[in-house]
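Observations on the model geometry
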There are 2 protein chains.
Amino acid sequence: MKRSRSAVAADPHERIVAAAAQVFASSGFEGARIDEIAERAGINKAMLYYHVGDKERLYSAVLLESIERALSLLRAAAATAGSPSEKLQAVLDTLAAFGTSNPEFIPLIMREVASGGRNLPDEMFVRMGAVFRVVGDVLAEGVEQGVFRPTDPLLTHVTLVGALMYLLATEPVRQRVARAAGLPVADHNPAHLARHVGNLFLHGLEAAPAASRKTVTRKRREGSR
Amino acid sequence: MKRSRSAVAADPHERIVAAAAQVFASSGFEGARIDEIAERAGINKAMLYYHVGDKERLYSAVLLESIERALSLLRAAAATAGSPSEKLQAVLDTLAAFGTSNPEFIPLIMREVASGGRNLPDEMFVRMGAVFRVVGDVLAEGVEQGVFRPTDPLLTHVTLVGALMYLLATEPVRQRVARAAGLPVADHNPAHLARHVGNLFLHGLEAAPAASRKTVTRKRREGSR
DNA sequence: GTCTATATACCGATAGAC
DNA sequence: GTCTATCGGTATATAGAC
């Protein structure tokens, strides 16, 4: 057991980590300023070093604390009663909700992915493996029941989770792109985005099922709109 | 017409932009050091400022030059003869190939997405809109022909492209995760990743087609393996 | 445990000689 | 056009008083 989590976070360590998560997420590791983190945590810079050590240790603490919370939520979602499809959708919904109530999480992960995970502490890979296992088990269950096609589980997991995180993270960019392209500008809530990803991945984009086989390609199955 | 593109890039401007792309991609905007860019371009720091101006202008030049090249390749891919599904797969293949022969591109884009596009110049949004239109047109064509289900095209485009870019970018992270989780470590080539995404998106994960409708859920359609 | 003051280093940008 | 030298600003990290 580590520290108790309270809403106001009286614990200096927690206040610092929470503030650091925000700054690291919005500015990256190199761009984050210790002064800004200290200020946002409401303490002095010297105190920050006293409590959590240098910038690198603080960064590791932020990442580990984030993924730890995400992991336990995702595990709970996958333990939901229901079909593998429903479990997978529950995982996506949970990830979207977590990414929204913890807006630092997705930028943090995406920056690390962009840098090839160069600054990731070893413990992070273990946690990421645990997250994979949550999705991987659902996929395996689906294949076993014959409701999922067999695929490379790690690739499918990354595809699924990456697509949703990307969709969530691009919200502001997407709106500006829509404006620049003369498209209708819509702001989608996270739940909607999770459903879009789930729908797309579960049923596929093609209207005709398995049209690539040697079965007859059914053109224009009427009543589709 | 701007400048001629040669392999060795005798033009100082090009050498600088190419070097900057590498450094910005691996260190981010704030983390990138002008000295390192100059050194990697084989010129003096003062010359860098003489040729391209300050850090921000250099960054914009890198982004615009990258997406411009990607855009023309993607347009060519979408102009391929074939079904909408084949065109979509061609676009994915092209993006994967481009991301591989231009390893700076995906990290650059992902970092910007992670920061909400805060440092993106206005011209970038126009280009990103053009990239969307390439995919959007293929999607519209597929819907028109009745082979694609109608979806929000912008969301589907971002989901598709985001999934592939994420898959490509996580290659090194994925291997370390696999090692930490005791999974078989595989290094997939970009073409394979593009096919994984295309396959998943086009046909979906579910073995039974449209099982969510009121049609009979066909359990265990035999001969699936 | 908390804060002020500062050491130390580095970075972006430019001045100015050639 | 090219380079050296350097200015001005700011960053991480710590020393030391309280």
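What this report covers is the structure whose coordinates are included nearby. (Residues numbered from 1 in each chain as written. Chains lettered and ligands numbered in written order. Predicted model: local features only at pLDDT ≥ 70, side-chain atom pairs only at ≥ 80, totals over all residues. Heavy atoms only, no water.)

Some remarks on the protein's contact with DNA strand D
- Contacts to DNA strand D come from 14 residues, most closely from R33, K45 and Y49 of chain A together with N44 and M47 of chain B.
- For DNA strand D, the backbone makes up 59% of the atoms found within 4 Å of the protein, where backbone means sugar plus phosphate.
- Between a phosphate oxygen of DNA strand D and a main-chain N or O atom of A32 of chain A, the distance comes to 2.9 Å.
- Note that a phosphate oxygen of DNA strand D is positioned 2.9 Å from one of the side-chain N or O atoms of Y49 of chain A.
- Among the secondary structure elements, those contributing two or more residues to the surface near DNA strand D are α2 (34–41) and α3 (45–52) of chain A together with α3 (45–52) of chain B.
- Taken together, the residues of the surface near DNA strand D break down into 7 nonpolar, 2 polar and 5 charged. (Near = heavy atom within 4 Å. Polar contact = N/O pair within 3.5 Å; in protein donor to acceptor, adjacent residues only side chain to side chain. Helix = DSSP H or I, 4+ residues; strand = E, 2+ residues; numbered from the N terminus. Nonpolar A, V, L, I, M, F, W, Y, C, P; charged D, E, K, R; others polar.)

Remarks on the interface of chain A and chain B
- At the junction of the two partners, chain A supplies 72 residues and chain B supplies 72 residues.
- Summed over the shared surface of chain A and chain B, the result is 2 salt bridges.
- Here R176 of chain B makes a salt bridge to D122 of chain A, at a shortest N to O gap of 3.0 Å.
- Taken together, the links from chain A to chain B amount to 25 residue pairs in polar contact (both at pLDDT 80 or more).
- Listing elements by their share of the side of chain A that touches chain B, those giving two or more residues are α1 (12–31), α5 (84–101), α6 (105–114), α7 (122–144), α8 (153–169), α9 (171–180) and α10 (190–203) of chain A.
- Broken down by element, the residue count for the side of chain A that touches chain B peaks at 11 residues, all from α8 of chain A.
- Per-class residue counts for the side of chain A that touches chain B are 38 nonpolar, 22 polar and 12 charged. (Contact = heavy atoms within 4.5 Å. Salt bridge = Lys/Arg side-chain N within 4 Å of Asp/Glu carboxyl O.)

Regarding the relation of the copies chain A and chain B
- Mapping chain A onto chain B leaves a residual RMSD of 0.1 Å; the transformation is a rotation of 180° accompanied by 0.0 Å of translation along its axis. The two molecules are tied by a two-fold rotation axis, judged by turn and shift. The C-alpha atom lying nearest the rotation axis in chain A is that of G204 of chain A; the distance is 1.7 Å.
- In this assembly the copies share their binding face: 100% of the residues contributing to the interface of chain A also contribute to that of chain B. (Least-squares fit on C-alpha atoms with pLDDT ≥ 70 in both.)

Topic: the nonpolar core
- With 150 residues, the main nonpolar core has F24 and L58 of chain A together with F24 and L58 of chain B as its most contacted residues.
- With near-sequence residues (within four places) excluded, F24 of chain A lies in contact with F29, A32, I37, K55, L58, Y59, V62, L108 and R111 of chain A. (Core = buried A, V, L, I, M, F, W, Y, C linked by side-chain atoms within 4.5 Å. Buried < 20%, exposed > 50% of the residue type's maximum accessible area, 1.4 Å probe, protein only.)

Brief notes about the protein's contact with DNA strand C
- Among the 14 residues in the neighbourhood of DNA strand C, the closest are listed as N44 and M47 of chain A together with A32, R33 and Y49 of chain B.
- Protein-proximal atoms of DNA strand C, defined as those within 4 Å of the protein, fall in sugar or phosphate at a share of 63%.
- Here a base nitrogen of DNA strand C sits 2.8 Å away from a polar atom, N or O, in the side chain of K45 of chain B.
- For the surface near DNA strand C, the elements supplying multiple residues, two or more each, are α3 of chain A together with α2 (34–41) and α3 of chain B.
- In terms of residues, the surface near DNA strand C owes the most to one element, α3 of chain A, which gives 4 residues.

Notes on the packing of α2 of chain A against α3 of chain A
Residues and elements named next belong to chain A.
- Where α2 contacts α3, the axes come no closer than 9 Å and their chain directions differ by 90°. In terms of orientation, α2 and α3 fall into the roughly perpendicular class. Contacts between α2 and α3 involve I34, D35, I37 and A38 on the former and, on the latter, K45, L48 and Y49.
- Of the residues contributing to the contact of α2 with α3, the split by class is 5 nonpolar, no polar and 2 charged. (Axes fitted to C-alpha atoms, helices over the stretch in contact; angles between N-to-C directions. Parallel < 35°, antiparallel > 145°, perpendicular 65-115°, else oblique.)

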